[in-house]
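Observations on chain architecture
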Amino acid sequence: ADTCGPDAVRATWADAELAGGGPGGGDGTVSGAWSALGEMGVLGMCVPAEHGGLGMTEEDLVPLLVEVGRSGLPEPVSSSAGVAVSTLDRFAPAGVATEWLPRLARGEVRVGVGFGPDRDGGGRPVVTQAAVCDVFLLFDRGEVHLVKPDRVDLHPVESVDGARHLATVAWDSHEDTLLVGSAAGFEATNSAFDRAALGTAAMLVGLSRRML
């Protein structure tokens, strides 16, 4: 309530007129929110203790995502603290997990998660707050890629919610970005999609309660 009130959400919009009185020029982030979530342990809740997290489960994370939805916080909490943490912990090589999980637990990085192209090869993953993400976890037809921002092309997508700075992400798949493929890649993709749906549902519950 202190950090992400209605005025703070309006300030994340780029268009001042559409934001209903916001200053405009926002990038989709709320000042102080991400660091506060890191300090409180929210972002590292599901990170194993050996990587600096709390070692808890997604069932513990869900009530907090409900509150994220209630406040309208547009930061990529679910994708970073839920989808990315689970995928890196379960499927990434040990060195990759050791590099990224402690940084996620400390709230030092935002992870953009995207799924696609579709089965027909059309479309690109749509990622929220893509312009401010420090790394992308992209799921592409049974392959999981960890991609740095300098390797992607972002194309903004209009949204009815200006706080969600959406963009499609285009990148060239290479061996140096591949985390996991083959059967394990499909398992990782299905698991991540389920967690993304769970996180979205939790936030929508909070948002609907606030609206009512």
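Preceding this paragraph is the structure being described.
A few points on the structure. (Residues numbered from 1 in each chain as written. Predicted model: local features only at pLDDT ≥ 70, side-chain atom pairs only at ≥ 80, totals over all residues. Heavy atoms only, no water.)

If you add up the space inside the largest pocket, you get close to 940 Å³. Around the largest pocket, the lining comprises 38 residues; the ones closest to its centre are Pro74, Thr128, Arg164, Thr200 and Met203. Mapped by element, the contributors of at least two residues to the lining of the largest pocket are helix H1 (6-10), helix H3 (58-71), helix H4 (77-91), strand S1 (111-115), strand S2 (126-128) and helix H6 (182-211). Class assignment of the residues belonging to the lining of the largest pocket gives a composition of 23 nonpolar, nine polar and six charged. Taken as a whole, the second largest pocket holds about 410 Å³ of empty space. Taken together, 18 residues make up the lining of the second largest pocket; nearest its centre are Ala1, Leu37, Met40, Glu67 and Ser71. Examining the composition of the lining of the second largest pocket, we find that five residues originate from one element, H3, more than from any other. The class makeup of the residues in the lining of the second largest pocket is 11 nonpolar, three polar and four charged. (1 Å grid on protein atoms, 1.4 Å probe; cavity = no way out; pocket = protein on both sides within 12 Å on 5 of 7 lines; lining within 4 Å. Points joined across faces, edges and corners; volume = space filled by probe spheres on them. Helix = DSSP H or I, 4+ residues; strand = E, 2+ residues; numbered from the N terminus. Nonpolar A, V, L, I, M, F, W, Y, C, P; charged D, E, K, R; others polar.)

Looking now at the packing of H3 against H4. It is the contact of H3 with H4, at a shortest axis distance of 11 Å, that shows an interaxial angle of 170°. What the angle tells us is that H3 and H4 run roughly antiparallel. Each of Leu61, Leu65 and Val68 in H3 lies in contact with H4, whose residues at this interface are Val77, Ser78, Ala81 and Gly82. Tallied by class, residues from the contact of H3 with H4 come to five nonpolar, two polar and no charged. (Axes fitted to C-alpha atoms, helices over the stretch in contact; angles between N-to-C directions. Parallel < 35°, antiparallel > 145°, perpendicular 65-115°, else oblique. Contact = heavy atoms within 4.5 Å.)

Time to look at the sheet that holds strand S4 (residues 143-147). Pairing in this open sheet of four strands is mixed, and the strands run S1-S3-S4-S7 from one edge to the other. Two strands close off the open sheet at either side, each with one partner strand: S1 and strand S7 (178-180). This sheet shows a mean twist of 25° between the axes of neighbouring strands, independent of strand direction. Note: S1 against strand S3 (residues 135-140), five bridges, orientation parallel. Following the sheet pairing, phenylalanine 115 is matched in S3 by phenylalanine 139. (Pairing = 2+ DSSP bridges.)

This brings us to the state of the cysteines. Overall, the coordinates contain zero disulfides when judged by the stated rule. Looking at cysteine 4, it has no disulfide partner, and the nearest cysteine sulfur is the one in cysteine 133, 17 Å off. Taking the relative accessible area as the measure of exposure, cysteine 4 reaches 9% and is therefore buried. Free cysteine: cysteine 46, not disulfide-bonded; nearest cysteine sulfur from cysteine 133 at 18 Å. (Disulfide = S-S within 2.5 Å. Buried < 20%, exposed > 50% of the residue type's maximum accessible area, 1.4 Å probe, protein only.)

On to the environment of glutamine 129. Tracing the sequence through the fold places glutamine 129 in the loop between S2 and S3. For glutamine 129, a relative accessible area of 1% gives the class buried. For glutamine 129 and proline 74, which are 55 residues apart along the polypeptide, the C-alpha to C-alpha distance reads 7.9 Å. The contact partners of glutamine 129, leaving out residues within four places of it in the chain, are Gly28, Thr29, Pro74, Glu75, Pro76, Ala163, Arg164 and His165.

For the rest of this paragraph, the subject is the pairing of S4. With respect to burial, S4 is a largely interior element, four of its five residues being buried. Pairing of S3 with S4, which is carried by five bridges, proceeds in the antiparallel orientation. When the bridges of S4 are listed, aspartate 140 appears paired with glutamate 143. Remark: two residues form the turn of the hairpin made by S3 and S4, two consecutive strands paired antiparallel; arginine 141 in that turn has positive phi of roughly 50°. Both S4 and S7 contribute to a ladder of two bridges, which runs antiparallel. Bridge pairing in S7 links histidine 145 to leucine 178.

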